[in-house]
Amino acid sequence: MADHNWQKVREIFDAALRRRPEERRRFVDEACGEDKTLLAEVESLLSSLGSADSFMETPAVAEVAHMIEGETKKLKTGKCFGHYEIINQIGFGGMGEVYLARDKKLDRTVAIKILNEEFSQDESNLQRFVSEAKAASALNHPNILTIYEFGEAEDARFIVSEYIEGKTLREIIRESRLRLPEILDISIQITGALSAAHKAHLVHRDIKPENIMIRPDGYVKVLDFGLAKLIEQKNKSILSLEEPTVRKNLTAKGVIVGTVNYMSPEQAKGEWVDGRTDIFSLGGLIYEMLAGKPPFEGGNAIETIGSILNKEPAPLSRQTPEVPHEVERIINKTLRKDREERYQTAKDLLVDLKAVRQDLEFQNKLERTAAPVRKEAKTEVFNATTSDIAPHPASSAEYVVNSIKHHKRVAVLVLIPLIIGSIALFLFLNRHPVLTEKDTILLTDFVNTTGDAVFDLTLKQALAVQLGQTPFLNIYPDDRIQETLRLMNRKPDERITKDIAREICERNGIKAMLLGSIASLGNNYVITLEALNPRTGEALAREQIEAAGKEQVLGKLGDAATKLREKLGESLQTIEKFDASVEQATTSSLEALKAFSLGQQLQMAGKTNESIPFHKRAIELDPNFASAYKNLGEAYFFTAQRDRAAEPFTKAF
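Residues numbered from 1 in each chain as written. Predicted model: local features only at pLDDT ≥ 70, side-chain atom pairs only at ≥ 80, totals over all residues. Heavy atoms only, no water.

1. Quick notes on the overall build of the protein
Then step 1. Per the secondary structure count, the protein includes 27 helices and 17 strands.
Then step 2. Residue pairs at least 24 apart in sequence account for 61% of intrachain contacts in the protein once pairs closer than 6 positions are excluded.
Then step 3. Per element, the accessible surface of the protein, about 32,700 Å² overall, is 51% carbon and sulfur. (Helix = DSSP H or I, 4+ residues; strand = E, 2+ residues; numbered from the N terminus. Contact = heavy atoms within 4.5 Å. Areas by Shrake-Rupley, 256 points an atom, 1.4 Å probe, with all protein chains shown as cover.)

Now the structure itself:
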């Protein structure tokens, strides 16, 4: 940028900083006029101001701070601020400066943030500073920056925190490409921190690489709860929303707070946010660690927001083909524009991330264990081959000895797979079953992220039929679910999400709940089934399978269900006996199954007469659909059309 243009940017930005936040937009628009390039540059700096207001970071504002504010420092090296001795300045933000200091009382290195004098004159800024300190100090987690003290001294407000030696995630990303195990480890630690914050009813609202510090030992610290917002709650034991400080500090609807590239759609629109906005931002951060760039980008802040609101990120499989399907599924789920389709809690995300890491560790362990065996086997085969073509030893004694050695090697090669097979058989026969005969399992509603409505209700219905064939599992019936929902003061037709399923299980002593999801991967579909312990959230069994096209989905779902039954402890004999495919038990037509599922849902809701057209449609699409005939006969019977019920009943049975 030319010097005179940069001078204009600096002047407008500097002038905007001196105005109240609600006045800045109008001022910048007027000052830039028709110069869109100038407007974009100023907006870019102002977009980082939101994050600069927060704790312990140095964004774009800090990089140009010397051009705007000069090189002056509020506190000089060696100056004592209370019982803290200043070492040097390490950061600069819109509301304050950050210094490295020594705590003379406890003889430890700390970081001090001091509120700028001009901001301390404004009551709202002062209240925000205090609220920031309270919010951050309320959190106690090993992956969250620890706040030691906040108060006032020498007419200045300050916050004292632990000092983290290390690098920001932004610095690490710029230096080198992270490996998948490292990315998973970092992501799990961040997710754990967010889970603790959300449990304390706090949303971070500015998760990005600059706010993540990595210590040399790999330990992660989430910085800067300066934009943190209290989620409305019934229990206000942490910090009451009725306190004047909090009421004034809460961001009003319509005000955008956060860093543009990592904002959630609701955050970008200035809507009310909750913990799911942090999940979206974290998904963007994980995406960037894997792909090397954020999922949403633009030439300026406005274009980036437009991308967040209207565009889908490029598939990770195109950016990084080696990324496992399950990792891509997790990230896709975090980046859903509709917050209802994302992970509903950070804890749920944490369970999936840990499961992926565990799977990868297991695969790596298998590879490490198998590699020496394969290498030894290849060596022995090579030796055996070369000995066959080598000339016989001159001595008959040597010949006998070498022959014995050769046969021993061959015997070892033969015994290795036998030993491995015996161990595997022993482990299988002596495995502890996850579930036992007639244990009850609750099916949640399938999570459909494909955008194709044909999978809504359909796959849960197909899975219920598949699992309902076996005497091993007892599927918790729909009528009991409706009854429990009424006791929970919920609507009878409410979606059975993971959280609702957990409560239903706890109320009824159900041992396991089964989660299902389907995601698109190009022209293919990835189906995931996972049985969880509703009390602990522990994964009991998990199965994932890929279908090459829509026509394979029902068949592959049946295959995944069969494998899951084995992992849950059902015997192979029972599985073979009760293993009719989904298509055999229901229909091979997704559209027919969709109509049937909608009809059955209406019947369960007491709208029997309204269900009839759907069952008729299912039969029209598949004239051999026995369950549809059965439901149609029942619908006729219970709506006083008994003369019409005989025919469908006959065809059903």
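Now that the structure is up, let's keep going.
2. Thoughts on the environment of valine 98
Then step 1. Along the chain, valine 98 turns up in strand S3 (residues 96–103).
Then step 2. Separated by 60 residues in the primary sequence, valine 98 and phenylalanine 158 have C-alpha atoms spaced 9.5 Å apart.

3. Some words on the pairing of strand S4 (residues 108–115)
Then step 1. Within S4, 6 of the 8 residues are buried, leaving the element largely enclosed by the surrounding structure.
Then step 2. Pairing analysis gives 5 bridges linking S4 to strand S6 (residues 156–162), with the strands arranged antiparallel. Following the sheet pairing, lysine 113 is matched in S6 by isoleucine 159. (Buried < 20%, exposed > 50% of the residue type's maximum accessible area, 1.4 Å probe, protein only. Pairing = 2+ DSSP bridges.)

4. What about the packing of aromatic side chains?
Then step 1. According to the stated counting rule, one finds 4 aromatic pairs in the structure shown.
Then step 2. Between phenylalanine 455 and tyrosine 525 the ring centres are 5.2 Å apart and the planes differ by 65 degrees, which places this aromatic pair in the edge-to-face class. Linking phenylalanine 455 in the loop between strand S13 (447–448) and helix H18 (458–468) with tyrosine 525 in strand S16 (residues 524–532), this pair joins segments that are 70 residues apart in sequence.
Then step 3. A residue is classified by how much of its surface remains accessible, and phenylalanine 455, at 0% relative accessible area, is buried.
Then step 4. A cation over a ring is seen here: arginine 108 above tyrosine 148, with NZ or CZ 3.7 Å from the ring centre.
Then step 5. Of note, lysine 333 hangs over the ring of tyrosine 343, and the distance from its end group to the ring centre comes to 4.3 Å. (Phe/Tyr/Trp six-rings, centres within 6.5 Å; stacked < 30°, edge-to-face > 60°. Lys NZ or Arg CZ within 6 Å of the ring centre and 35° of its normal.)

5. Some words on the sheet that holds strand S7 (residues 167–168)
Then step 1. Read from one edge to the other, the open sheet built from 3 strands follows the order S7-S9-S10, with strand pairing classed as antiparallel. This sheet does not close on itself; its edge strands, each paired only once, are S7 and strand S10 (220–222).
Then step 2. With 3 bridges connecting them, strand S9 (residues 212–214) and S10 associate as antiparallel partners. Pairing of isoleucine 214 across the sheet is with valine 220, part of S10.
Then step 3. Of the strands in this sheet, S9 and S10 touch helix H9 (residues 180–199), which is tilted by about 40 degrees from S10. (Axes fitted to C-alpha atoms, helices over the stretch in contact; angles between N-to-C directions.)

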